[in-house]
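Fold and geometry: a report
Given next are the chains, with one letter for each unit.
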Amino acid sequence: MFSDIGALEVVALVILAVLVFGPDKLPKVIRDVMQFIRKVREFSDSAKADIRNELGPEFKDFEFEDLHPKNFVRKQLLDNDELGLKEIRNGFDFKEEMSAVTDAVHGRESGGGSASAGSSGSSGTPDLLRKRDGLTPGEAPPFDSDAT
């Protein structure tokens with residue numbers, strides 16, 4: 001709970017507590033705070049036990065920490081590989097893909113051994129960067145949904 005509080009902060013809190021409550025009332029305040037923390041923990045533990053009892057035996061391995069979104073995603077998607085996500089994730093080479101896109105945007109030849117982005121060679125893919133001269137007879141003009 002207090003793993004990120006250093007020794008200097010603890011000393012500062014103790015000095016502040018002594019100044020605010022005084023040395024004669026401080027033990028009573030600490031005792032009251034500890035009783036309050038115990039009651040809150042007992043209440044939360046009993047609430048968790050009641051929820052587990054109401055859910056039934058099929059949820060006996062249910063943990064409330066699994067409801068945290070970070071833990072939920074890790075458990076459902078990353079640890080459980082029923083969908084084959086690890087294979088899909090390992091199948092992508094994002095650096096190569098991004099360098100190919102960058103080369104295509106700048107009109108350079110792609111260096112990854114794939115088809116060049118600057119020409120429409122024997123790969124059969126059209127060059128999207130080269131401006132077309134005109135429409136062939138009977139061809140409809142391109143439709144731009146953003147322009148309408």
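Residues numbered from 1 in each chain as written. Predicted model: local features only at pLDDT ≥ 70, side-chain atom pairs only at ≥ 80, totals over all residues. Heavy atoms only, no water.

Attention now moves to the overall build of the protein chain. Of the regular secondary structure elements, the protein chain holds five helices and zero strands. Traced from its N-terminal end to its C-terminal end, the protein chain shows the element sequence α-α-α-α-α. Burial analysis of the protein chain (148 residues in total) assigns 5% to the buried set. Partitioning the contacts of the protein chain with sequence separation of at least 6, the portion at a separation of at least 24 is 2%. Total accessible area on the protein chain is roughly 13200 Å²; 61% of this is exposed by carbon and sulfur atoms. (Helix = DSSP H or I, 4+ residues; strand = E, 2+ residues; numbered from the N terminus. Buried < 20%, exposed > 50% of the residue type's maximum accessible area, 1.4 Å probe, protein only. Contact = heavy atoms within 4.5 Å. Areas by Shrake-Rupley, 256 points an atom, 1.4 Å probe, with all protein chains shown as cover.)

Let's shift gears to helix 1 (residues 7-21). Here helix 1 spans 21 Å end to end across 15 residues, near enough to the 21 Å set by a 1.5 Å rise per residue. Just downstream of helix 1 lies Gly22, where phi reads positive at about 90 degrees. (Expected span 1.5 Å × (residues − 1).)

Averaged over the protein chain, the pLDDT score is 77; the fraction of residues at 70 or greater is 74%. Ranking the helices and strands of the protein chain by mean pLDDT puts helix 2 (residues 26-55) first, with 91, and helix 4 (residues 85-91) last, with 70. Within the model, the stretch residues 112-121 combines pLDDT values under 50 with 16 contacts to residues more than four positions away or in other chains. (pLDDT = per-residue confidence, 0-100.)

Turning our eyes to something else, we now look at the pattern of salt bridges. The tally for this structure, following the rule as stated, stands at one salt bridge. In this structure, Lys28 engages Asp32 in a salt bridge whose closest nitrogen and oxygen atoms are separated by 3.0 Å. Taken as a pair, Lys28 and Asp32 lie in helix 2 at a separation of four residues, close to a single helical turn. (Salt bridge = Lys/Arg side-chain N within 4 Å of Asp/Glu carboxyl O.)

Our focus in this paragraph is helix 2. The periodicity of an α-helix, 3.6 residues per turn, causes residues three or four places apart in sequence to face the same way. When the terminal C-alpha atoms of helix 2 are compared, their 44 Å separation across 30 residues agrees well with the 44 Å that a helix rising 1.5 Å per residue should span. With its phi angle positive at about 100 degrees, Gly56 sits one or two positions after the end of helix 2.

Attention now moves to a nonpolar patch on the surface. Residues Ile5, Val10, Leu13, Val14, Leu16, Val18, Val20 and Phe21 make up a contiguous nonpolar surface patch of about 660 Å² in total accessible area. Tracing the sequence through the fold places Leu13 in helix 1. (Patch = residues over 30% accessible without salt bridge, like charges linked within 9 Å, V, L, I, M, F, W, Y side chains within 5 Å.)

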